[in-house]
Amino acid sequence: MDTRMGYAGGARPAGVKLWPAYLCFIIFGILMPFSRPEFKFTTLIYSLIVAIIVGLLAVNLLIIAFNSGNAALRQAKGGFAREAVGTGMLFMIPFTVLAVLALALLGWNAVMPFASSAITTAAATAGSEAMKRGAQGVKNVMIPTLVAMVLSTAWMMLTGILP
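Described below are features of the structure shown in this document. Only a predicted model underlies this, so the values are computations on that prediction, with no experimental measurement involved. (Residues numbered from 1 in each chain as written. Predicted model: local features only at pLDDT ≥ 70, side-chain atom pairs only at ≥ 80, totals over all residues. Heavy atoms only, no water.)

**Regarding the packing of aromatic side chains**
Two descriptors summarise a pair of aromatic rings, namely the distance from one centre to the other and the angle between the planes of the rings.
Alright, step 1. By the definition in use, this model includes three aromatic pairs.
Alright, step 2. Measuring from ring centre to ring centre gives 5.8 Å for F25 and W155, while their planes differ by 40°; the resulting arrangement is tilted. Remark: W155 occurs in helix 7 (residues 139-160) and F25 occurs in helix 1 (residues 19-34); sequence separation between them is 130 residues.
Alright, step 3. We classify W155 as buried; its relative accessible area is 1%.
Alright, step 4. A centroid spacing of 6.2 Å and a plane angle of 80° characterise the contact between F28 and W155, whose relative ring orientation is edge-to-face. Of this pair, F28 sits in helix 1 while W155 sits in helix 7, and the two are 127 residues apart along the sequence. Both residues of the pair, F28 and W155, count as buried. (Phe/Tyr/Trp six-rings, centres within 6.5 Å; stacked < 30°, edge-to-face > 60°. Helix = DSSP H or I, 4+ residues; strand = E, 2+ residues; numbered from the N terminus. Buried < 20%, exposed > 50% of the residue type's maximum accessible area, 1.4 Å probe, protein only.)

This is the structure:
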């Protein structure tokens, strides 16, 4: 039975993990209520929900964008989009560490600038990784950056209205 779902190398390459990206989004969601003047548990719950939704959207929209824009590469090297996104999203880790340090040690309320920078940098890096794997065209960097800017702006707006 064919379990590759139409991809040449299989649908999910074994070496690529997306959990670090999701963990970074969750950490940003946890940090958000602590950057406010008054901590509320409901803010923590809502912030986590928003962070998880934005994380799922970011990762999956990037994979969809790479797969749909590079059909020949998708058929030749199955899972290249997942590999590119997984590798690119690793660039969220330094921004997450900096956000934790800034809030915990320095008392800065700068979680969202770090989160927005992390998403945008990781998406642009994922585009560069896709191009390293054979994707052609500037669209592979511009579309992920645009997706990241829209998602980070939406995330900032949603966290601004949290209780």
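**A few points about the packing of helix 6 (residues 111-132) against helix 7**
Alright, step 1. At a minimum axis distance of 8 Å, the contact between helix 6 and helix 7 shows a crossing angle of 160°. Viewed along their axes, helix 6 and helix 7 adopt a mutual orientation that is roughly antiparallel. Helix 6 and helix 7 meet at a crossing whose hand is right-handed. Residue-level inspection shows M112, A115, S116, I119, T120, A123, A124, G127, S128 and M131 of helix 6 in contact with helix 7, the latter providing N140, V141, P144, T145, A148, M149, S152, W155, M156 and T159.
Alright, step 2. Each residue belonging to the contact of helix 6 with helix 7 can be placed in one class, and the counts come to 12 nonpolar, eight polar and no charged. (Axes fitted to C-alpha atoms, helices over the stretch in contact; angles between N-to-C directions. Parallel < 35°, antiparallel > 145°, perpendicular 65-115°, else oblique. Left-handed = near helix turned anticlockwise from the far one by under 90°. Contact = heavy atoms within 4.5 Å. Nonpolar A, V, L, I, M, F, W, Y, C, P; charged D, E, K, R; others polar.)

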